[in-house]
Amino acid sequence: MTSKRQVHLAAHLPGVNNTTVWSDERAESQIAFSSFEHFARNAERGCFDFLFLAEGLRLREQKGRIHDLDVVGRPNTLAILAALAGVTDHIGLVGTLQTTFNEPLELAKQLATLDHLSDGRAGWNVVTSSDAFHGANFRRGGFLDHADRYTRAAEFVELARELWDSWDPGAVVADASVGRFADRSRIRDVDHHGPQFDVAGTFPVPRSPQRHPVVVQAGDSDEGRDLAARHAEVVFSLHTEFDDARTFYTDVTDRLERVGRSKDELLVLPGATFTIGDTQADAKERSRAIRRAQVSPATAIAFLEQVWNRDLSSYDVDGPLPDVEPDVDADAITRGRVRHAKDPRALVRSWRDRAAAEHLTIRQLVIEVSTRGGFVGTPSSIAAEIDRYVQERASDGFVVVPHTNPYGLDDFVDRVVPLLQERGVYRSSYDEGATLRRTLGLPGHVLDRQRVTA
Ligand SMILES: Cc1cc2nc3c(=O)[nH]c(=O)nc-3n(C[C@H](O)[C@H](O)[C@H](O)COP(=O)(O)O)c2cc1C
(Lines give C-alpha, C1' and ligand atoms only; values in the text may rest on other atoms or scores of the structure.)
Protein backbone atom coordinates (compact mmCIF):
# COMPACT_ATOMS: atom_id res chain seq x y z
CA MET A 1 0.00 0.00 0.00
CA THR A 2 1.40 3.39 -0.90
CA SER A 3 1.12 5.89 1.92
CA LYS A 4 -0.57 9.20 1.24
CA ARG A 5 1.52 12.29 0.77
CA GLN A 6 1.46 14.42 3.92
CA VAL A 7 0.15 17.99 4.02
CA HIS A 8 2.43 20.74 5.34
CA LEU A 9 0.94 23.94 6.71
CA ALA A 10 2.44 27.29 7.58
CA ALA A 11 0.59 30.13 9.30
CA HIS A 12 1.10 33.61 7.84
CA LEU A 13 0.57 36.29 10.43
CA PRO A 14 -1.92 38.77 8.96
CA GLY A 15 -0.56 42.22 9.34
CA VAL A 16 0.18 45.38 7.60
CA ASN A 17 -2.02 45.44 4.56
CA ASN A 18 -5.56 46.05 3.49
CA THR A 19 -6.35 42.35 3.22
CA THR A 20 -6.36 42.21 7.02
CA VAL A 21 -9.86 43.17 8.11
CA TRP A 22 -9.17 45.72 10.80
CA SER A 23 -12.86 46.62 11.06
CA ASP A 24 -13.65 43.12 12.34
CA GLU A 25 -14.59 43.28 16.00
CA ARG A 26 -12.06 40.57 16.76
CA ALA A 27 -9.14 42.43 15.17
CA GLU A 28 -6.53 43.46 17.70
CA SER A 29 -3.18 45.19 17.75
CA GLN A 30 -0.67 44.10 15.13
CA ILE A 31 2.29 44.91 17.37
CA ALA A 32 1.21 43.82 20.88
CA PHE A 33 3.06 40.71 21.97
CA SER A 34 -0.25 39.15 23.05
CA SER A 35 -1.34 39.12 19.39
CA PHE A 36 1.78 37.31 18.24
CA GLU A 37 1.55 34.95 21.17
CA HIS A 38 -2.08 34.02 20.55
CA PHE A 39 -1.41 33.45 16.88
CA ALA A 40 1.68 31.31 17.52
CA ARG A 41 0.13 29.19 20.27
CA ASN A 42 -2.92 28.60 18.13
CA ALA A 43 -0.86 27.58 15.10
CA GLU A 44 1.05 25.22 17.36
CA ARG A 45 -2.22 23.80 18.68
CA GLY A 46 -3.02 23.07 15.02
CA CYS A 47 0.38 21.31 14.62
CA PHE A 48 1.45 23.76 11.87
CA ASP A 49 4.94 23.24 10.52
CA PHE A 50 5.84 26.87 10.97
CA LEU A 51 4.69 30.38 11.64
CA PHE A 52 5.65 32.90 8.98
CA LEU A 53 6.37 36.62 9.22
CA ALA A 54 6.72 38.91 6.21
CA GLU A 55 9.12 41.84 6.26
CA GLY A 56 8.44 45.45 5.36
CA LEU A 57 11.36 47.81 5.00
CA ARG A 58 9.41 50.99 4.70
CA LEU A 59 5.88 52.29 5.13
CA ARG A 60 4.21 52.32 1.74
CA GLU A 61 2.84 55.57 0.39
CA GLN A 62 0.29 56.79 -2.08
CA LYS A 63 0.01 60.40 -3.23
CA GLY A 64 2.56 61.20 -0.54
CA ARG A 65 0.45 59.76 2.25
CA ILE A 66 0.38 56.47 4.09
CA HIS A 67 -2.84 54.73 3.10
CA ASP A 68 -4.65 54.35 6.40
CA LEU A 69 -5.80 50.77 5.92
CA ASP A 70 -2.50 49.69 4.52
CA VAL A 71 0.17 50.08 7.12
CA VAL A 72 0.13 50.37 10.85
CA GLY A 73 3.70 49.63 11.82
CA ARG A 74 6.41 47.24 10.75
CA PRO A 75 8.02 45.73 13.82
CA ASN A 76 11.30 43.81 13.64
CA THR A 77 10.94 40.19 12.54
CA LEU A 78 13.82 38.60 14.44
CA ALA A 79 12.91 40.24 17.74
CA ILE A 80 9.35 38.91 17.47
CA LEU A 81 10.50 35.41 16.55
CA ALA A 82 12.98 35.34 19.43
CA ALA A 83 10.21 36.30 21.85
CA LEU A 84 7.92 33.64 20.37
CA ALA A 85 10.63 31.00 20.83
CA GLY A 86 10.09 31.46 24.56
CA VAL A 87 6.33 30.77 24.50
CA THR A 88 6.22 27.88 22.02
CA ASP A 89 7.82 24.43 21.99
CA HIS A 90 7.47 22.81 18.57
CA ILE A 91 6.42 25.18 15.81
CA GLY A 92 8.98 26.51 13.34
CA LEU A 93 9.67 30.25 13.37
CA VAL A 94 10.32 31.64 9.91
CA GLY A 95 11.18 35.26 9.19
CA THR A 96 11.47 37.10 5.89
CA LEU A 97 14.82 38.89 5.75
CA GLN A 98 16.21 40.52 2.63
CA THR A 99 19.69 40.05 1.17
CA THR A 100 20.03 43.38 -0.62
CA PHE A 101 20.93 45.62 2.31
CA ASN A 102 21.82 43.18 5.09
CA GLU A 103 25.34 41.86 5.65
CA PRO A 104 25.84 38.05 5.56
CA LEU A 105 27.85 37.68 8.74
CA GLU A 106 25.47 39.75 10.83
CA LEU A 107 22.33 38.06 9.52
CA ALA A 108 23.88 34.58 9.73
CA LYS A 109 24.74 35.32 13.36
CA GLN A 110 21.20 36.46 14.18
CA LEU A 111 19.62 33.46 12.49
CA ALA A 112 22.01 30.98 14.14
CA THR A 113 21.18 32.62 17.47
CA LEU A 114 17.44 32.19 16.81
CA ASP A 115 18.10 28.55 15.97
CA HIS A 116 19.86 28.09 19.32
CA LEU A 117 17.20 29.97 21.29
CA SER A 118 14.38 27.97 19.72
CA ASP A 119 16.26 24.68 19.92
CA GLY A 120 16.33 24.15 16.17
CA ARG A 121 13.14 25.80 14.91
CA ALA A 122 14.46 28.77 12.92
CA GLY A 123 13.82 29.46 9.23
CA TRP A 124 14.84 32.24 6.86
CA ASN A 125 12.68 33.41 3.96
CA VAL A 126 15.24 34.88 1.57
CA VAL A 127 13.90 37.83 -0.45
CA THR A 128 15.66 40.46 -2.48
CA SER A 129 13.25 43.38 -1.70
CA SER A 130 11.51 45.26 -4.42
CA ASP A 131 12.58 48.77 -5.31
CA ALA A 132 14.67 51.88 -4.80
CA PHE A 133 11.99 53.43 -2.58
CA HIS A 134 12.82 50.80 0.04
CA GLY A 135 16.53 51.18 -0.70
CA ALA A 136 16.43 54.84 0.21
CA ASN A 137 16.05 53.82 3.85
CA PHE A 138 19.57 52.41 3.89
CA ARG A 139 22.88 54.15 4.23
CA ARG A 140 24.29 52.51 1.09
CA GLY A 141 21.80 54.45 -0.98
CA GLY A 142 21.09 53.66 -4.61
CA PHE A 143 19.70 50.33 -5.60
CA LEU A 144 20.65 47.18 -7.42
CA ASP A 145 19.04 46.01 -10.65
CA HIS A 146 16.79 42.95 -10.43
CA ALA A 147 19.46 40.55 -11.77
CA ASP A 148 22.17 41.98 -9.51
CA ARG A 149 19.93 41.55 -6.49
CA TYR A 150 19.71 37.83 -7.25
CA THR A 151 23.46 37.55 -7.87
CA ARG A 152 23.97 39.10 -4.46
CA ALA A 153 21.29 36.89 -2.88
CA ALA A 154 22.94 33.70 -4.18
CA GLU A 155 26.37 34.66 -2.87
CA PHE A 156 24.76 35.83 0.38
CA VAL A 157 23.15 32.44 1.03
CA GLU A 158 26.29 30.54 0.02
CA LEU A 159 28.38 32.64 2.37
CA ALA A 160 25.86 32.27 5.22
CA ARG A 161 26.10 28.50 4.76
CA GLU A 162 29.90 28.68 4.87
CA LEU A 163 29.69 30.62 8.13
CA TRP A 164 27.20 28.21 9.71
CA ASP A 165 29.35 25.26 8.65
CA SER A 166 32.56 26.67 10.01
CA TRP A 167 32.07 25.06 13.44
CA ASP A 168 32.32 21.27 13.31
CA PRO A 169 30.25 19.14 15.65
CA GLY A 170 32.22 18.61 18.83
CA ALA A 171 34.10 21.89 18.50
CA VAL A 172 33.16 22.82 22.05
CA VAL A 173 34.93 20.49 24.39
CA ALA A 174 34.42 19.88 28.08
CA ASP A 175 37.64 19.17 29.86
CA ALA A 176 37.85 18.38 33.57
CA SER A 177 40.96 20.48 34.12
CA VAL A 178 40.13 23.65 32.19
CA GLY A 179 36.32 23.51 31.93
CA ARG A 180 34.70 24.15 28.58
CA PHE A 181 36.74 25.38 25.66
CA ALA A 182 36.60 25.68 21.88
CA ASP A 183 38.78 23.23 19.98
CA ARG A 184 40.46 25.56 17.47
CA SER A 185 41.23 22.72 15.08
CA ARG A 186 37.51 22.16 14.61
CA ILE A 187 36.61 25.77 13.81
CA ARG A 188 37.53 26.97 10.32
CA ASP A 189 38.28 30.59 9.58
CA VAL A 190 36.06 31.79 6.80
CA ASP A 191 38.03 33.37 4.00
CA HIS A 192 35.49 34.38 1.38
CA HIS A 193 36.33 36.70 -1.48
CA GLY A 194 33.62 36.98 -4.11
CA PRO A 195 32.16 39.63 -6.41
CA GLN A 196 29.73 40.72 -3.67
CA PHE A 197 31.40 40.09 -0.33
CA ASP A 198 34.77 39.92 1.34
CA VAL A 199 34.59 38.21 4.70
CA ALA A 200 37.59 36.94 6.60
CA GLY A 201 37.44 35.75 10.18
CA THR A 202 35.87 33.42 12.65
CA PHE A 203 32.12 33.06 12.90
CA PRO A 204 31.14 33.90 16.47
CA VAL A 205 28.26 31.44 16.99
CA PRO A 206 28.69 27.69 17.53
CA ARG A 207 26.97 25.27 15.17
CA SER A 208 23.24 25.53 15.75
CA PRO A 209 20.87 22.61 16.31
CA GLN A 210 19.79 22.56 12.67
CA ARG A 211 23.27 23.30 11.36
CA HIS A 212 21.58 25.77 9.01
CA PRO A 213 18.23 27.39 9.69
CA VAL A 214 15.74 26.16 7.06
CA VAL A 215 15.99 28.29 3.90
CA VAL A 216 12.71 29.48 2.37
CA GLN A 217 12.43 31.53 -0.85
CA ALA A 218 9.66 33.75 -2.19
CA GLY A 219 10.63 35.40 -5.49
CA ASP A 220 8.69 34.45 -8.59
CA SER A 221 10.87 35.46 -11.56
CA ASP A 222 13.16 33.06 -13.43
CA GLU A 223 16.05 34.22 -11.28
CA GLY A 224 13.97 33.78 -8.13
CA ARG A 225 12.99 30.25 -9.08
CA ASP A 226 16.59 29.36 -9.91
CA LEU A 227 17.66 30.65 -6.51
CA ALA A 228 15.01 28.42 -4.94
CA ALA A 229 16.17 25.40 -6.94
CA ARG A 230 19.76 25.90 -5.86
CA HIS A 231 19.38 26.96 -2.28
CA ALA A 232 15.87 26.70 -0.82
CA GLU A 233 14.18 23.95 1.15
CA VAL A 234 10.72 25.58 0.98
CA VAL A 235 9.19 27.90 -1.64
CA PHE A 236 6.40 30.29 -0.69
CA SER A 237 4.51 30.97 -3.92
CA LEU A 238 1.55 33.03 -5.04
CA HIS A 239 0.38 30.31 -7.45
CA THR A 240 -2.71 29.14 -5.64
CA GLU A 241 -5.26 28.27 -8.33
CA PHE A 242 -5.00 24.50 -9.02
CA ASP A 243 -3.69 24.39 -12.60
CA ASP A 244 -1.38 27.33 -12.04
CA ALA A 245 -0.11 25.73 -8.81
CA ARG A 246 0.61 22.48 -10.61
CA THR A 247 2.45 24.24 -13.45
CA PHE A 248 4.55 26.13 -10.89
CA TYR A 249 5.23 22.96 -8.92
CA THR A 250 6.45 21.16 -12.04
CA ASP A 251 8.56 24.13 -13.10
CA VAL A 252 10.34 24.37 -9.76
CA THR A 253 10.89 20.63 -9.36
CA ASP A 254 12.30 20.44 -12.93
CA ARG A 255 14.76 23.20 -12.03
CA LEU A 256 15.69 21.23 -8.93
CA GLU A 257 16.62 18.20 -10.98
CA ARG A 258 18.65 20.33 -13.37
CA VAL A 259 20.91 21.38 -10.48
CA GLY A 260 21.25 17.82 -9.23
CA ARG A 261 18.85 17.96 -6.29
CA SER A 262 16.04 15.48 -5.76
CA LYS A 263 12.34 16.34 -5.63
CA ASP A 264 11.99 15.62 -1.93
CA GLU A 265 14.54 18.31 -1.02
CA LEU A 266 12.13 21.20 -1.62
CA LEU A 267 8.56 21.82 -0.48
CA VAL A 268 6.27 24.14 -2.45
CA LEU A 269 3.71 25.99 -0.35
CA PRO A 270 1.40 28.50 -2.11
CA GLY A 271 -0.26 31.17 0.01
CA ALA A 272 -4.00 30.61 0.50
CA THR A 273 -6.74 32.49 2.28
CA PHE A 274 -9.79 30.61 3.52
CA THR A 275 -13.41 31.32 4.37
CA ILE A 276 -15.26 28.65 6.31
CA GLY A 277 -19.05 28.35 6.26
CA ASP A 278 -21.61 25.89 7.57
CA THR A 279 -22.73 25.32 4.00
CA GLN A 280 -21.19 26.18 0.65
CA ALA A 281 -23.69 29.05 0.25
CA ASP A 282 -22.92 30.36 3.75
CA ALA A 283 -19.18 30.31 2.97
CA LYS A 284 -19.74 32.22 -0.27
CA GLU A 285 -21.81 34.82 1.54
CA ARG A 286 -19.13 35.22 4.23
CA SER A 287 -16.46 35.49 1.58
CA ARG A 288 -18.38 38.30 -0.15
CA ALA A 289 -18.70 40.13 3.17
CA ILE A 290 -14.97 39.76 3.85
CA ARG A 291 -14.06 41.02 0.38
CA ARG A 292 -16.29 44.07 0.91
CA ALA A 293 -14.62 44.74 4.24
CA GLN A 294 -11.19 44.39 2.63
CA VAL A 295 -12.04 46.61 -0.31
CA SER A 296 -13.39 49.68 1.45
CA PRO A 297 -14.28 52.70 -0.74
CA ALA A 298 -10.89 54.27 0.05
CA THR A 299 -9.09 51.03 -0.81
CA ALA A 300 -10.98 50.65 -4.09
CA ILE A 301 -9.93 54.13 -5.20
CA ALA A 302 -6.36 53.61 -4.01
CA PHE A 303 -6.21 50.37 -5.99
CA LEU A 304 -7.39 52.06 -9.20
CA GLU A 305 -5.03 54.98 -8.69
CA GLN A 306 -2.09 52.56 -8.71
CA VAL A 307 -3.00 51.56 -12.26
CA TRP A 308 -4.27 54.92 -13.56
CA ASN A 309 -1.38 56.69 -11.84
CA ARG A 310 -3.63 59.69 -11.19
CA ASP A 311 -5.81 61.15 -8.47
CA LEU A 312 -9.23 59.49 -8.76
CA SER A 313 -10.61 60.64 -5.40
CA SER A 314 -13.53 62.46 -7.04
CA TYR A 315 -14.98 59.23 -8.46
CA ASP A 316 -17.90 57.43 -6.83
CA VAL A 317 -16.96 53.83 -6.01
CA ASP A 318 -20.54 52.76 -6.59
CA GLY A 319 -20.44 54.22 -10.10
CA PRO A 320 -18.70 53.30 -13.37
CA LEU A 321 -14.93 53.14 -13.95
CA PRO A 322 -13.14 56.47 -14.60
CA ASP A 323 -13.44 57.69 -18.17
CA VAL A 324 -9.95 59.28 -18.20
CA GLU A 325 -6.92 57.38 -19.49
CA PRO A 326 -4.03 56.22 -17.26
CA ASP A 327 -1.13 58.64 -16.99
CA VAL A 328 1.79 56.46 -18.04
CA ASP A 329 4.33 59.29 -18.30
CA ALA A 330 4.07 60.86 -14.84
CA ASP A 331 6.19 59.74 -11.87
CA ALA A 332 4.59 56.86 -9.97
CA ILE A 333 2.15 58.10 -7.34
CA THR A 334 2.53 54.88 -5.36
CA ARG A 335 5.73 54.01 -3.57
CA GLY A 336 6.74 50.75 -1.96
CA ARG A 337 4.10 48.54 -3.49
CA VAL A 338 4.70 45.95 -6.17
CA ARG A 339 2.18 46.19 -8.99
CA HIS A 340 2.60 44.27 -12.16
CA ALA A 341 0.61 46.43 -14.60
CA LYS A 342 3.15 46.31 -17.44
CA ASP A 343 0.70 47.95 -19.83
CA PRO A 344 -1.77 50.05 -17.81
CA ARG A 345 -3.73 51.16 -20.90
CA ALA A 346 -4.38 47.57 -21.98
CA LEU A 347 -5.28 46.60 -18.42
CA VAL A 348 -7.75 49.47 -18.14
CA ARG A 349 -9.33 48.50 -21.49
CA SER A 350 -9.82 44.92 -20.27
CA TRP A 351 -11.32 46.12 -16.98
CA ARG A 352 -13.72 48.43 -18.84
CA ASP A 353 -14.85 45.52 -21.02
CA ARG A 354 -15.36 43.34 -17.98
CA ALA A 355 -17.22 46.03 -16.01
CA ALA A 356 -19.52 46.62 -18.99
CA ALA A 357 -20.19 42.92 -19.56
CA GLU A 358 -20.87 42.12 -15.89
CA HIS A 359 -22.40 45.50 -14.89
CA LEU A 360 -19.75 46.15 -12.23
CA THR A 361 -19.18 49.36 -10.28
CA ILE A 362 -15.67 50.49 -9.35
CA ARG A 363 -15.82 48.75 -6.01
CA GLN A 364 -17.29 45.56 -7.42
CA LEU A 365 -14.64 45.43 -10.14
CA VAL A 366 -11.81 45.93 -7.64
CA ILE A 367 -13.26 43.14 -5.49
CA GLU A 368 -13.25 40.85 -8.53
CA VAL A 369 -9.81 41.65 -9.89
CA SER A 370 -7.97 41.87 -6.57
CA THR A 371 -9.22 38.57 -5.16
CA ARG A 372 -6.32 36.25 -4.54
CA GLY A 373 -6.61 32.48 -4.50
CA GLY A 374 -8.11 30.85 -1.50
CA PHE A 375 -10.53 28.26 -0.21
CA VAL A 376 -14.19 29.08 0.27
CA GLY A 377 -16.31 26.23 1.59
CA THR A 378 -17.29 23.99 4.44
CA PRO A 379 -14.58 22.49 6.66
CA SER A 380 -14.87 19.19 4.81
CA SER A 381 -14.74 20.70 1.32
CA ILE A 382 -11.68 22.76 2.29
CA ALA A 383 -9.92 19.74 3.81
CA ALA A 384 -10.72 17.72 0.67
CA GLU A 385 -9.34 20.45 -1.59
CA ILE A 386 -6.11 20.80 0.40
CA ASP A 387 -5.68 17.02 0.28
CA ARG A 388 -6.30 16.98 -3.50
CA TYR A 389 -3.61 19.60 -4.18
CA VAL A 390 -1.08 17.61 -2.22
CA GLN A 391 -1.94 14.14 -3.57
CA GLU A 392 -1.98 15.47 -7.15
CA ARG A 393 1.31 17.34 -6.72
CA ALA A 394 0.03 20.84 -7.17
CA SER A 395 1.66 21.69 -3.83
CA ASP A 396 3.06 20.17 -0.65
CA GLY A 397 0.63 22.15 1.47
CA PHE A 398 -0.13 25.83 2.02
CA VAL A 399 0.88 29.00 3.73
CA VAL A 400 -2.48 29.74 5.32
CA VAL A 401 -3.35 33.43 5.44
CA PRO A 402 -6.23 34.44 7.75
CA HIS A 403 -8.23 37.66 7.36
CA THR A 404 -8.03 38.89 10.90
CA ASN A 405 -5.33 39.30 13.49
CA PRO A 406 -4.80 37.45 15.80
CA TYR A 407 -7.85 35.15 15.97
CA GLY A 408 -8.30 34.52 12.26
CA LEU A 409 -6.62 31.13 12.33
CA ASP A 410 -8.66 29.70 15.22
CA ASP A 411 -11.53 28.45 13.06
CA PHE A 412 -9.17 26.70 10.69
CA VAL A 413 -7.46 24.94 13.58
CA ASP A 414 -10.77 23.97 15.19
CA ARG A 415 -12.62 22.86 12.10
CA VAL A 416 -10.31 22.03 9.17
CA VAL A 417 -7.25 20.55 10.89
CA PRO A 418 -9.19 17.65 12.55
CA LEU A 419 -10.57 16.66 9.15
CA LEU A 420 -7.10 16.60 7.60
CA GLN A 421 -6.02 14.41 10.52
CA GLU A 422 -8.98 12.07 9.94
CA ARG A 423 -7.92 11.75 6.32
CA GLY A 424 -4.53 10.52 7.50
CA VAL A 425 -2.65 13.29 5.71
CA TYR A 426 -1.70 15.53 8.61
CA ARG A 427 0.08 15.02 11.91
CA SER A 428 -1.84 14.91 15.22
CA SER A 429 1.22 15.77 17.28
CA TYR A 430 4.79 16.86 16.76
CA ASP A 431 7.68 14.46 17.10
CA GLU A 432 9.28 15.20 20.44
CA GLY A 433 12.35 17.41 20.08
CA ALA A 434 12.07 17.63 16.28
CA THR A 435 13.90 20.42 14.49
CA LEU A 436 11.92 22.44 11.94
CA ARG A 437 13.71 20.58 9.15
CA ARG A 438 12.57 17.28 10.58
CA THR A 439 9.01 18.53 11.10
CA LEU A 440 9.02 19.46 7.41
CA GLY A 441 10.19 15.94 6.54
CA LEU A 442 13.20 17.27 4.65
CA PRO A 443 16.01 14.78 4.08
CA GLY A 444 18.68 17.16 5.40
CA HIS A 445 17.41 16.69 8.95
CA VAL A 446 19.78 13.79 9.48
CA LEU A 447 22.53 16.39 9.86
CA ASP A 448 20.56 18.30 12.49
CA ARG A 449 21.49 18.13 16.13
CA GLN A 450 25.12 17.34 15.56
CA ARG A 451 25.69 19.50 18.53
CA VAL A 452 28.80 21.43 19.28
CA THR A 453 28.46 21.15 23.02
CA ALA A 454 30.21 18.27 24.65
C1 LIG B 1 5.07 35.12 -2.00
C2 LIG B 1 6.00 36.29 -1.90
C3 LIG B 1 6.22 36.87 -0.66
C4 LIG B 1 7.10 37.96 -0.53
N5 LIG B 1 7.30 38.53 0.70
C6 LIG B 1 8.11 39.60 0.81
C7 LIG B 1 8.31 40.23 2.07
O8 LIG B 1 7.74 39.86 3.09
N9 LIG B 1 9.14 41.31 2.12
C10 LIG B 1 9.78 41.78 1.01
O11 LIG B 1 10.53 42.76 1.12
N12 LIG B 1 9.60 41.22 -0.19
C13 LIG B 1 8.78 40.14 -0.32
N14 LIG B 1 8.61 39.57 -1.55
C15 LIG B 1 9.22 40.22 -2.74
C16 LIG B 1 10.60 39.72 -3.05
O17 LIG B 1 11.44 40.41 -2.16
C18 LIG B 1 11.08 40.06 -4.44
O19 LIG B 1 11.69 41.28 -4.39
C20 LIG B 1 10.10 40.28 -5.47
O21 LIG B 1 9.23 39.19 -5.50
C22 LIG B 1 10.83 40.45 -6.82
O23 LIG B 1 11.46 39.26 -7.17
P24 LIG B 1 10.85 38.36 -8.29
O25 LIG B 1 10.89 39.21 -9.50
O26 LIG B 1 11.77 37.15 -8.36
O27 LIG B 1 9.47 37.97 -7.87
C28 LIG B 1 7.75 38.48 -1.68
C29 LIG B 1 7.52 37.87 -2.92
C30 LIG B 1 6.67 36.79 -3.06
C31 LIG B 1 6.46 36.18 -4.42
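Residues numbered from 1 in each chain as written. Predicted model: local features only at pLDDT ≥ 70, side-chain atom pairs only at ≥ 80, totals over all residues. Heavy atoms only, no water.

> Residue-level account of unusual backbone geometry, with values.
Cis geometry is adopted by the peptide bond preceding Pro406, which originates at Asn405 and carries an omega value of 5 degrees. With respect to the helices, strands and loops of the structure, Pro406 is situated in the loop between strand S15 (397–400) and helix H13 (410–422). Not every positive phi belongs to a glycine, and Cys47 is a case in point at roughly 60 degrees. Relative accessible area serves as the criterion here: at 5%, Cys47 is assigned to the buried category. (Helix = DSSP H or I, 4+ residues; strand = E, 2+ residues; numbered from the N terminus. Buried < 20%, exposed > 50% of the residue type's maximum accessible area, 1.4 Å probe, protein only.)

> Describe the pattern of salt bridges, naming the residues involved and giving the relevant values.
Per the stated rule, a full pass over the model turns up 30 salt bridges. For Arg255, the salt bridge is made with Asp226, and the minimal N-O distance between the two is 2.9 Å. With Arg255 in helix H7 (residues 242–258) and Asp226 in helix H6 (residues 222–231), the pair connects residues that are 29 residues apart, well separated along the chain. With a relative accessible area of 8%, Arg255 lands in the buried category. Residue classification places Asp226 among the partly exposed residues on the basis of a relative accessible area of 38%. Residue Arg438 pairs with Asp431 through a salt bridge whose shortest N-O separation is 3.3 Å. By relative accessible area, which is 34% here, Arg438 ends up partly exposed. (Salt bridge = Lys/Arg side-chain N within 4 Å of Asp/Glu carboxyl O.)

> Outline the side chain of Arg437, supporting the account with residue identities and numerical values.
Examined against the element boundaries, Arg437 turns out to sit in helix H14 (residues 436–439). In terms of polar contacts, Arg437 uses its side chain to reach the backbone carbonyl oxygen of His212, at 2.6 Å. A distance of 2.6 Å separates a polar atom in the side chain of Arg437 from a polar atom in the side chain of Glu233. Contacts of Arg437, omitting those with residues within four sequence positions, involve Gln210, His212, Pro213, Val214, Glu233, Leu442, Gly444, His445 and Asp448. (Polar contact = N/O pair within 3.5 Å; in protein donor to acceptor, adjacent residues only side chain to side chain. Contact = heavy atoms within 4.5 Å.)

> Give me the lowdown on the nonpolar core, citing residues and values where you can.
Counting 81 residues, the largest nonpolar core has Leu9, Phe48, Trp124, Ile386, Leu409 and Phe412 as its most contacted members. Per-element accounting of this core gives the leading share, 9 residues, to helix H5 (residues 146–164). Once residues lying within four places of it in the same chain are set aside, the contact partners of Phe412 are Leu9, Phe48, Phe274, Ile276, Ile382, Ile386, Val400 and Val417. Core analysis: the next-biggest nonpolar cluster, separate from the first, contains 18 residues, Val295, Val307, Leu360 and Val366 among them. (Core = buried A, V, L, I, M, F, W, Y, C linked by side-chain atoms within 4.5 Å.)

> Quick rundown of the domain arrangement of the protein chain? Include the residues and the values.
Along its sequence, the protein chain is organised into domain 1 (8–279 + 373–447) and domain 2 (296–369). Put simply, the middle of domain 1 and the middle of domain 2, counted by C-alpha atoms, are 33 Å apart. Counting from both sides, the interface comprises 13 residues of domain 1 and, opposite them, 14 residues of domain 2. Here domain 1 packs against domain 2, burying approximately 1100 Å² in sum over the two surfaces, 45% of which is carbon and sulfur. When residues of domain 1 are sorted by the area they lose upon contact with domain 2, Glu61, Gln62 and Lys63 head the list and together hold 46% of the total. (Domains from an automatic or database assignment. Buried area = accessible area lost by both parts, 1.4 Å probe.)

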